[in-house]
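Residue-level structure breakdown
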Amino acid sequence: ELRAPPDKIAIIGAGIGGTSAAYYLRQKFGKDVKIDLFERGEVGGRLATMTVRGQEYEAGGSVIHPLNLHMKRFVKDLGLSTIQSSGGLMGVYNGETLVFEESSWFIINMIKLIWHYGFQSLRMHMWVEDILDKFMRIYRYQSHDYAFSSVEKLLHSLGGDEFLGMLNRTLLETLQKAGFSEKFLNEIVAPVMRVNYGQSMNINGFVGAVSLSSADSGLWAVKGGNKLVCSGLLQASKSNLISGSVMYIEEKTRTKHTGNPTKMYEVIYQIGSEIRSDVYDIVLVATPLNRKMSNITFLNFDPPIEEFHQYYQHIVTTLIKGQLNSTLFSSRALDKFDLSTILTTDNSDLFINSIGIVSSVTEKDNPQPLTDRGYVWKIFSQEILTKEQILKLFLSYDYAVKQSWLAYPHYKPPEKCPSIILHDRLYYLSGIECAASAMEMSAIAAHNAALLAYHRWNGHTDMIDQEDLYEKLKTEL
Ligand SMILES: Cc1cc2nc3c(=O)[nH]c(=O)nc-3n(C[C@H](O)[C@H](O)[C@H](O)COP(=O)(O)OP(=O)(O)OC[C@H]3O[C@@H](n4cnc5c(N)ncnc54)[C@H](O)[C@@H]3O)c2cc1C
Ligand SMILES: CC(C)=CCC/C(C)=C/CC/C(C)=C/CSC[C@H](N)C(=O)O
């Protein structure tokens, strides 16, 4: 039996987490609930574009895995189009030389990989596929409406103790134990961690596997920019966008129309210089809770809401239109240099994590030079590049634009993930980033939080934290 739906729900943050939460909450609670979505910056959050010579390029979250089914579903439901990310040829630079270079011939590439690393590349592919296979169980659970009250319980339901173990050990320990060689780890795995998460192989094994899955074929992006998914979900959910910054959330007792005193949440926010507030039955926080990023204070909760101190990694995205100084990486002249992405090994002397040619958000998979003076290159670095560093990388350039991010958690296993249930009807989505930060992870957390809020509202405890779900759903068929 269902209780009357809540009157009002607040969501804080209009990135992919907050907007997909609005979408799923609307599906569960129906048309009558009022959903307010608070955003202090741009809708999209870490999905954003930068403009170079009138063309837009992804500056934050850019590629989506072919098996990221929530993202795929959003694009379909919202009537958006996709673009395949081709990537081109990749090389790995160690500060002195290219230690590995892809070939455009599939067979030559295979021979090169086997020559350098034996069959480790194939073994790695199989290791990642096995993890992805288990990870995919989440779609089955969520399509049957099951929810989890913690990130650890969610991961355990997917991959049992193996997944929890991955959260508690470094990728390096996990892969060394699995028998991968130092050479393969340093020359192939570490560069993938640097381009994706700006960190070393000391990140947890789970995020390491997510990162390695980005080497699969079939990656894609949304035509016009990935952030279109967020604006589309906002519109489709018929939520009310409030362009303000949430400062406090306070527990309050209010007498509702039933005449009963009810615990509610007051959200106090700032628009320009004006402070306003409103009360809600349910609140979802869809932004990392720390002083530097969201700066939200919880008032008068008993017991108090714990403080979160997750440190987020600083990453700079720089887009440069220019002619690469290929001699920095190889003795070959520019016209013989066919790499379009250069990853780097874990070398502290290097001032970039990666550099690669990028397509605009409207181009098909084959990037074109904007003029004969060069392609647009995307560089990831730990710090803002100096003019001297840019001039080292490019023979000439005529446009540069940058964006600094507190991009993703600084992973340091063992990871203790923050609670999803912060208080009776107060939920936290972004804690899932402790396992891995990616668009799909935020969408999964959003679906889970919407289901959790719905079942807890209606007292459906049997739909929460069910053990052995995989077996149960198998026999249900
Ligand atoms: C450079 C970079 C590259 C990436 N590449 C990829 C990739 O290729 N593929 C992939 O899957 N993922 C990628 N990611 C990760 C992905 O972008 C994020 O995991 C995802 O976008 C997080 O979405 P979110 O909604 O959870 O958080 P966010 O996008 O951070 O949204 C939170 C929102 O809350 C708002 N907010 C914060 N505090 C307040 C407040 N007090 N009041 C009101 N609003 C507030 C913020 O302004 C923000 O818009 C990348 C990230 C970065 C930075
Ligand atoms: C969640 C699962 C199962 C898969 C996601 C795989 C994926 C697309 C990971 C990428 C994560 C990430 C943070 C990438 C950052 S850099 C992306 C890209 N190389 C770029 O150049 O922008």
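Residues numbered from 1 in each chain as written. Chains lettered and ligands numbered in written order. Predicted model: local features only at pLDDT ≥ 70, side-chain atom pairs only at ≥ 80, totals over all residues. Heavy atoms only, no water.

1. Brief notes about the overall build of the protein chain
Along the protein chain, the regular secondary structure elements total 13 helices and 21 strands. Its C-alpha atoms give the protein chain a radius of gyration of 23 Å, within 12% of the compact-globule value 23 Å for 477 residues. The buried share of the protein chain, reckoned over its 477 residues, is 54%. In the protein chain, the share of contacts with a sequence separation of at least 24, taken over all contacts with a separation of at least 6, comes to 75%. Carbon together with sulfur atoms contributes 52% to the accessible area of the protein chain, which is approximately 21500 Å² in total. (Helix = DSSP H or I, 4+ residues; strand = E, 2+ residues; numbered from the N terminus. Rg over C-alpha atoms; globule rule 2.2 N^0.38 Å. Buried < 20%, exposed > 50% of the residue type's maximum accessible area, 1.4 Å probe, protein only. Contact = heavy atoms within 4.5 Å. Areas by Shrake-Rupley, 256 points an atom, 1.4 Å probe, with all protein chains shown as cover.)

2. Quick word on the sheet that holds strand 18 (residues 375–381)
Reading across the sheet, the seven strands line up as 7-6-16-17-18-15-19 and stay open at both edges, with mixed pairing between neighbours. This sheet does not close on itself; its edge strands, each paired only once, are strand 7 (98–101) and strand 19 (394–409). Along the sheet, successive strands turn relative to each other by an average axial angle of 20°, direction set aside. Where strand 6 (residues 90–93) and strand 7 come together, three bridges link them in antiparallel fashion. From the neighbouring strand, G91 faces strand 7, where its bridge partner is E101. Packed on one face of the sheet, helix 8 (residues 182–197) meets strand 6, strand 7, strand 15 (312–324), strand 16 (341–344), strand 17 (354–357), strand 18 and strand 19 and runs near 105° to strand 16. (Pairing = 2+ DSSP bridges. Axes fitted to C-alpha atoms, helices over the stretch in contact; angles between N-to-C directions.)

3. Some details on the pattern of salt bridges
Inspection of the entire model under this criterion finds 23 salt bridges. Residue R425 is joined to D424 by a salt bridge in which the shortest nitrogen-to-oxygen separation is 3.5 Å. The salt bridge involving K474 is made with E471; its shortest N-O contact spans 3.7 Å. You can see K474 and its partner E471 sitting in helix 13 (residues 469–476), three residues apart, about one turn around the helix. Taken together, the shared-partner salt bridges in this structure form one network comprising E101, R332 and D338. (Salt bridge = Lys/Arg side-chain N within 4 Å of Asp/Glu carboxyl O.)

4. Structural notes on the site of ligand 2
Within the structure, ligand 2 sits among 15 residues, and S62, V63, N196, S213 and K378 are positioned closest to it. In this structure, S62 approaches ligand 2 through a side-chain N or O atom, which is 2.6 Å from an oxygen atom. Taken by itself ligand 2 offers 610 Å² of open surface, and the protein chains cover 87% of this. Breaking the shell around ligand 2 down by element, the ones donating at least two residues are helix 4 (120–135), helix 8, helix 9 (205–213) and strand 18. (Near = heavy atom within 4 Å. Polar contact = N/O pair within 3.5 Å; in protein donor to acceptor, adjacent residues only side chain to side chain.)

5. Structural notes on the packing of helix 6 (residues 151–168) against helix 9
Viewed as axis vectors pointing N to C, helix 6 and helix 9 meet at an angle of 110°, and their least axial separation amounts to 8 Å. By the angle between their directions, the pair helix 6 and helix 9 is classed as roughly perpendicular. In this structure, helix 6 contributes L155, F163, M166 and L167 to the contact, and helix 9 contributes G205, F206 and A209. By residue class, the composition of the contact of helix 6 with helix 9 is six nonpolar, one polar and no charged. (Parallel < 35°, antiparallel > 145°, perpendicular 65-115°, else oblique. Nonpolar A, V, L, I, M, F, W, Y, C, P; charged D, E, K, R; others polar.)

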